[in-house]
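Here is how the chains run, residue by residue.
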Amino acid sequence: MSGAGLGTARLRRAAARTASVAARSIAIFVPVFLVATFVTFALRSLSGLSPAHLQLGESATPESLARIEHEWGLDRPFLTQYLDWFGKVLSGDLGTSWYNGADISRLLTEGAVISLSVAGLALLIGVVFGFGFGILAALRRTTWVDRVITGAMTFISVMPSFVVGIALVAVFAVSLDWLPSAGWVPAERGFGLWLAHITLPAIALSFDTVSDVARQLRAGLVAAYRENYVTGALVRGLGPRRIFFRHVLRNGIGPALTVLGLKFPNLLGGAVVTEAVFGMPGFGQFAAASAQRGDVPAVQGVLVVSIVLVVVFNLLVNLILARLTPASARGV
Amino acid sequence: MVRRLLALTSGRIAAVILALIALLALLGPLLSPQDPLAGSADILADPGPHHWLGTDYLGRDVLSRLLAGSRLSVLGALQVTVMALLVGVIPGILSVYLGRAFEWVTLRLADTLIALPFLVFAVAVTALLGNGIPQAMLTVGIMVSPLFFRVSRAATLSVARSQYVEAAIIAGASVGWIVRRHVWTKVLPPIAIALAHTAGVGFVVVSSLTFLGIGVRPPAPTWGGILASDLGFLSYRPWAPLLPTALIMATVWACNLLADAIRDVSGEAGRALLDNRKLRGRLAVAGRGA
Amino acid sequence: MSDAALRLTDVRIHDAVGDRDIVHGVSFELTPGKVVGIVGESGSGKTLTCRAVLGILPRHFSVTGGTIELAGRDTSGLTQREWTGLRGTTVGAVFQDPASYLNPSIRIGAQLAEVVRVKKGLTRREARRRALDLLSSVRLREPDLVYRQYPHELSGGMLQRVLIAAAIAADPQLLIADEATTALDVTVQAEILDLLTELRERTGMALIVVSHDLAVVAQLCDEVLVMRDGIVVEQGPTARVLYDPRHDYTRLLIAEHEQYGLDRFRDAAEPALSKELDHVG
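Residues numbered from 1 in each chain as written. Chains lettered and ligands numbered in written order. Predicted model: local features only at pLDDT ≥ 70, side-chain atom pairs only at ≥ 80, totals over all residues. Heavy atoms only, no water.

S.K.: Is there a simple way to think about the overall build of chain A in this case?
M.R.: Scanning chain A from N- to C-terminus turns up 14 helices and zero strands. In chain A, the order of α-helices and β-strands from amino to carboxyl end is α-α-α-α-α-α-α-α-α-α-α-α-α-α. Its C-alpha atoms give chain A principal-axis dimensions of about 85 × 65 × 35 Å. Expressed as a percentage of the 332 residues in chain A, the buried residues total 52%. Sequence-distant contacts in chain A: of pairs separated by 6 or more residues, those separated by 24 or more amount to 72%. Approximately 14500 Å² of chain A is accessible, and the part contributed by carbon and sulfur atoms is 67%. (Helix = DSSP H or I, 4+ residues; strand = E, 2+ residues; numbered from the N terminus. Buried < 20%, exposed > 50% of the residue type's maximum accessible area, 1.4 Å probe, protein only. Contact = heavy atoms within 4.5 Å. Areas by Shrake-Rupley, 256 points an atom, 1.4 Å probe, with all protein chains shown as cover.)

S.K.: In this structure, what is going on with the interface of chain A and chain C? I would like to understand it.
M.R.: Many descriptions give the size of an interface as the accessible area lost when the pieces come together. Taken together, the contacts link 27 residues of chain A with 30 residues of chain C. Interface area, chain A with chain C, both sides summed: about 2500 Å², of which 54% is carbon and sulfur. The interface formed by chain A and chain C holds two salt bridges in total. Two residues, A:R246 and C:E114, come together in a salt bridge whose shortest N-O distance is 3.0 Å. The tally of links from chain A across to chain C stands at 11 residue pairs in polar contact (both at pLDDT 80 or more). (Buried area = accessible area lost by both parts, 1.4 Å probe. Salt bridge = Lys/Arg side-chain N within 4 Å of Asp/Glu carboxyl O. Polar contact = N/O pair within 3.5 Å; in protein donor to acceptor, adjacent residues only side chain to side chain.)

S.K.: Would you explain the packing of aromatic side chains in this entry?
M.R.: Note on aromatic pairs: each is described by the distance of the centres and the angle between the planes. Residues and elements named next belong to chain A. Under the counting rule described, the total for this entry stands at seven aromatic pairs over all chains. On the numbers, 5.9 Å between centres and 35° between planes, the contact of Y82 with F86 is tilted. Of this pair, Y82 and F86 both sit in helix α4 (residues 78–90), separated by four residues, roughly a single helical turn. We classify F86 as buried; its relative accessible area is 17%. (Phe/Tyr/Trp six-rings, centres within 6.5 Å; stacked < 30°, edge-to-face > 60°.)

S.K.: Would you take a moment to explain α4(A) for this structure?
M.R.: With 13 residues, α4(A) should cover 18 Å at 1.5 Å per step; its first-to-last C-alpha distance of 19 Å lies within 8% of that length. Downstream of α4(A) by one or two residues, A:G92 has phi in the positive range, about 90°. (Expected span 1.5 Å × (residues − 1).)

S.K.: What is the right way to look at the pattern of salt bridges in this model?
M.R.: Any two side chains of opposite charge can pair, given that their charged atoms come close. According to the stated counting rule, one finds 19 salt bridges over all chains in the structure shown. Across the pair C:E114 and A:R242 runs a salt bridge whose closest N-O atoms are separated by 2.8 Å. Taken together, the residues C:E114 in helix α3 (residues 108–120) and A:R242 in helix α10 (residues 240–252) connect one chain to another. Put simply, C:R130 and C:D171 hold a salt bridge, and the shortest N to O gap is 3.3 Å. Note that C:R130 is positioned in helix α4 (residues 124–137) and C:D171 in the loop between α6 (156–168) and β7 (174–178), a separation of 41 residues in sequence. Through salt bridges with shared partners, a single network forms among A:R242, A:R246 and C:E114.

S.K.: Can you help me understand unusual backbone geometry in this one?
M.R.: Leave glycine aside and you will find that most residues have negative phi; peptide bonds, for their part, are mostly trans. Residues and elements named next belong to chain C. Despite not being glycine, D97 shows a phi value in the positive range, around 55°. Examined against the element boundaries, D97 turns out to sit in the loop between β6 (91–95) and α3. Given a relative accessible area of 42%, D97 falls into the partly exposed group. The phi dihedral of D229 is positive, around 50°, even though this residue is not glycine. Residue placement: D229 occurs in the loop between β9 (223–228) and β10 (231–237).

S.K.: Looking at this structure, how should I read the pairing of β7(C)?
M.R.: It is a general feature of regular strands that their side chains alternate between the two faces of the sheet. Residues and elements named next belong to chain C. Here β7 lies mainly inside the structure; five of its five residues are buried. The alternating pattern of β7 places L174, I176 and D178 on one face and L175 and A177 on the opposite face, and all of these are buried. As paired strands, β6 and β7 are joined by five bridges and run parallel to one another. Within β7, the residue paired with A93 across the bridge is I176. Once you follow β7 into helix α7 (residues 186–203) and on to strand β8 (residues 206–211), the crossover reads as right-handed. (Pairing = 2+ DSSP bridges. Right-handed = clockwise from strand over helix to strand, strands pointing away.)

S.K.: I'm lost on the sheet that holds strand β4 (residues 61–70) of chain C in this one. Help?
M.R.: Through backbone hydrogen bonds, the strands of a sheet pair up, either in parallel or in antiparallel fashion. All names here are of chain C. Strands sit in the order β2-β1-β4-β5 across an open sheet of four strands; the sheet is antiparallel. Two strands close off the open sheet at either side, each with one partner strand: β2 (20–30) and β5 (73–74). Against the sheet, helix α1 (residues 46–54) contacts β1 (6–15), β2 and β4, and its axis sits at roughly 115° relative to β1. (Axes fitted to C-alpha atoms, helices over the stretch in contact; angles between N-to-C directions.)

S.K.: Would you mind going over the interface of chain B and chain A with me for this structure?
M.R.: Taken residue by residue, the interface counts 43 residues in chain B and 55 residues in chain A. Note on chain B versus chain A: buried area summed over both sides is about 4200 Å², and carbon and sulfur give 79% of it. In this structure, the connection of chain B to chain A is made through zero salt bridges. Seen at the junction of chain B and chain A, the total is zero residue pairs in polar contact (both at pLDDT 80 or more). Ranked by residues supplied to the side of chain B that touches chain A, first place goes to helix α5 (residues 118–129) of chain B with nine residues. Counted by class, the side of chain B that touches chain A contains 27 nonpolar, 10 polar and six charged residues. (Nonpolar A, V, L, I, M, F, W, Y, C, P; charged D, E, K, R; others polar.)

S.K.: I tried to follow the pairing of β9(C) on my own but got confused; where do I start?
M.R.: All names here are of chain C. Relative to β9, strand β3 (residues 35–39) runs parallel, the two sharing four bridges. Residue pairing in the sheet places V39 in a bridge with V226 of β9. Looking at chain direction, β9 and β10 are connected through six bridges and run antiparallel. Note that in β10 the partner of L225 across the bridge is Q235.

S.K.: What am I meant to see in a nonpolar patch on the surface here?
M.R.: Together, B:V16, B:L20, B:L23, B:L26, B:L27 and B:L30 make up a nonpolar patch on the protein surface, roughly 620 Å² of accessible area in all. Tracing the backbone through its elements, the reader meets B:L23 in helix α2 (residues 9–31). (Patch = residues over 30% accessible without salt bridge, like charges linked within 9 Å, V, L, I, M, F, W, Y side chains within 5 Å.)

S.K.: Looking at this structure, I do not really get the packing of helix α3 (residues 62–97) of chain B against helix α4 (residues 100–115) of chain B. What am I missing?
M.R.: When two helices pack together, you describe them by how their axes are tilted relative to each other and by the distance separating the axes. Residue and element names in this part refer to chain B. Where α3 contacts α4, the axes come no closer than 8 Å and their chain directions differ by 140°. Note on packing geometry: the crossing formed by α3 with α4 is left-handed. Taken together, the residues of α4 that come into contact with α3 (itself represented by P91, L94 and S95) are F102, E103 and T106. Its residues assigned to classes, the contact of α3 with α4 comprises three nonpolar, two polar and one charged. (Left-handed = near helix turned anticlockwise from the far one by under 90°.)

S.K.: Honestly, the packing of helix α6 (residues 133–144) of chain B against helix α7 (residues 146–160) of chain B in this entry has me stumped. Any pointers?
M.R.: All names here are of chain B. Running from amino to carboxyl end, α6 crosses α7 at an angle of 40°, the nearest separation of the two axes being 5 Å. Classified by the interaxial angle, the pair formed by α6 and α7 is oblique. Along its contact with α6, which presents I142, M143 and V144, the element α7 presents P146, L147 and F148. Tallied by class, the residues present in the contact of α6 with α7 amount to six nonpolar, no polar and no charged. (Parallel < 35°, antiparallel > 145°, perpendicular 65-115°, else oblique.)

S.K.: Just checking my understanding: could you explain the domain arrangement of chain C for this structure?
M.R.: Residues and elements named next belong to chain C. Here chain C is described as being made up of domain 1 (1–78 + 175–281) and domain 2 (91–171). Computed over C-alpha atoms only, the centres of domain 1 and domain 2 are separated by 25 Å. Contacts between domain 1 and domain 2 engage 21 residues on the former and 17 residues on the latter. For the pairing of domain 1 and domain 2, the buried interface totals around 1600 Å² over both sides, and the portion due to carbon and sulfur atoms is 69%. On the domain 1 side of the contact with domain 2, L54, L175 and L195 bury the most area, a combined 27% of that side's loss. Across the domain 1-domain 2 interface, the total number found is two salt bridges. With a shortest N-O distance of 2.5 Å, E198 and R139 are connected by a salt bridge. (Domains from an automatic or database assignment.)

Right, dumping it as structure tokens:
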């Protein structure tokens, strides 16, 4: 068997595996996507909400109501509306807002940029500190270092992100005046300024990622260290560093990565509240504001985007997991 | 089981905190020293003999508002748990018996539901079903129901495939006896753990929503609402968020503590549930919701 | 004699938690190409003794008396780094339940290649060649295929062969086989024992075979230690111990094994015995 033939065969297998993981992740979400959008559509027609209430308020007459509903195409049969909307969604068009007639895709993109930069930084903080604390606790397991870290992680795990946010504002913005308490500045206006504005919200959002990743990683690593293959590697004369990185970390990282994958919806949900604390015009604020106004197309857009984001993130995590522990991809 | 639970220090602490909160919810309005809605000229006052915890920006008594807000939080938590229980348990049990297709569909659905950001969905639903806490909580209840689905499914599976139930049937035990003796002791602890966790989620979600001002009309007192108004006056009363924060955290913590205590006293039945990695991850996630 | 691969002198192992000695004075010497067997029921201290030789005693356990000399070197003062240097190159080991001693998420070939790259400083390409050689030297039928497989894809017997390959990858002078054949089928067990014999003859390495099964020990070993409750109750040339046991416990072990066809191995040991007797005579 030639080396080249072996190489391509392996590549092909890896590609096939990747494709199957991807297909499975997406296949699970397609029906949910359909159901969720269908239900929100159905609820809208049942609830009788319409842009007329937004625009005319209490003064709506039946005639003006009908006129506006006709303008928005809401007098068409339900299924026609749904299919029409769905077709547009597939091409990236989420319709226009009842509230101000703006293009929802554009509004959501603007908001998502803000939220994703905060969520991205939060994820980064979560991964760095979560892994740092988790690894430290696992390497110093059953010592006081381990107990202090574990205790601290348990404590911060019961702190809702808006509580952390308020505490951070009270300390770092109001009392110490180190960082701005609210607002958002695009990165084009200066990287430092941008970072200063997203740091506190990102820290607030990251707490629960840090604590969960740290605890799962510690548990995973401690369990991996108890495995016989560690003894096996030891008697083969491999050094402690190699054993940690190549054998323990690889097998113990799974739970932490799985949790990291589940974190993403949390970061999205957390964004709704942290953005309120820090007055950032992000995805979450947009969702909350649209909901309070009764702006149905905007809310539907929010749901579509969050499902898509969750799918993409899950996909990434599943691919990494499949790459790291091939056995798990085969359900072994 | 209750007796063994209360023998644990953590179990006692959790029980005391939750009992206090429940008492507040029942009697809160009666205990309030003043009308939680009545403003006064004495705005943003420091704690003193008249207002033990000071007043807010409209001169309303903070202590009275906190007490009055507890009812909404407890109700919200109850709505989430009851909804999740109802929606999750029945398909969970049926998934074992109704054949492959039903099993596959419900499993996939459960996996997906639990992966979605339920706070975003709760917020969205208030736009469609009307601005109210119950609507939001019922949505959250549906979205965390996979927890109960998994738990009841696992318990049903273990009972359906267990040899001791078979043995008991052969030995001529009555169905009622088997359910009481075997099924109940297996199913109850994991369900109780899931209930405690879900209640914790409920408290976080209620405070998050009320913090955003969703689901309540402005003068109504809520824990989250008090926090939100404190946020605007941090430079005058930087300590103000401490108490509502402490209340929220203590409740959530007590729920998690209770869940852990139940797991400790229930032995294997509880541990089996928590060995499901994905679920545990999402549970931990759900614990602080948001 | 300084050419001993391993020399234990009155080794005692202490359990700090229970505050008691678990192993009370084990002594034996192993020269290259020789095989020592340690027999005893579980909890007799045989595995702890092996772990002490490998420097991997569990937490709270320590060697509190006597000396262990590996290739003429006292191991009592070794640092972690020195131990790492010795393992693999001077002493290797295989255990019961071979599947668990291989990393489940790394292919067999990569795990073997890792050892030779680290211990012998080979390049990637050389390591691959060497790993394939090792796989065929432990009589695995399709080394190319096995190289690309994951541990869960192999049978127990194959895994034990892989484990042996990994243990001998860096040419150790001493191999410890701790219950290495216990969980395997009888036929596979015989094959593995044959393989160990063959490797010993070819490479001249010394072997410690730990087993609760007298038959295994009888087939392979030059010398036997019978352990019970951390004490060596009987020690001597295999044939002598099997034919002329002096301790009641050894007699009990032999009696228990009579019904499992130990005679076959006794017959196998016969020529050796007559040789022994010739010497005596």
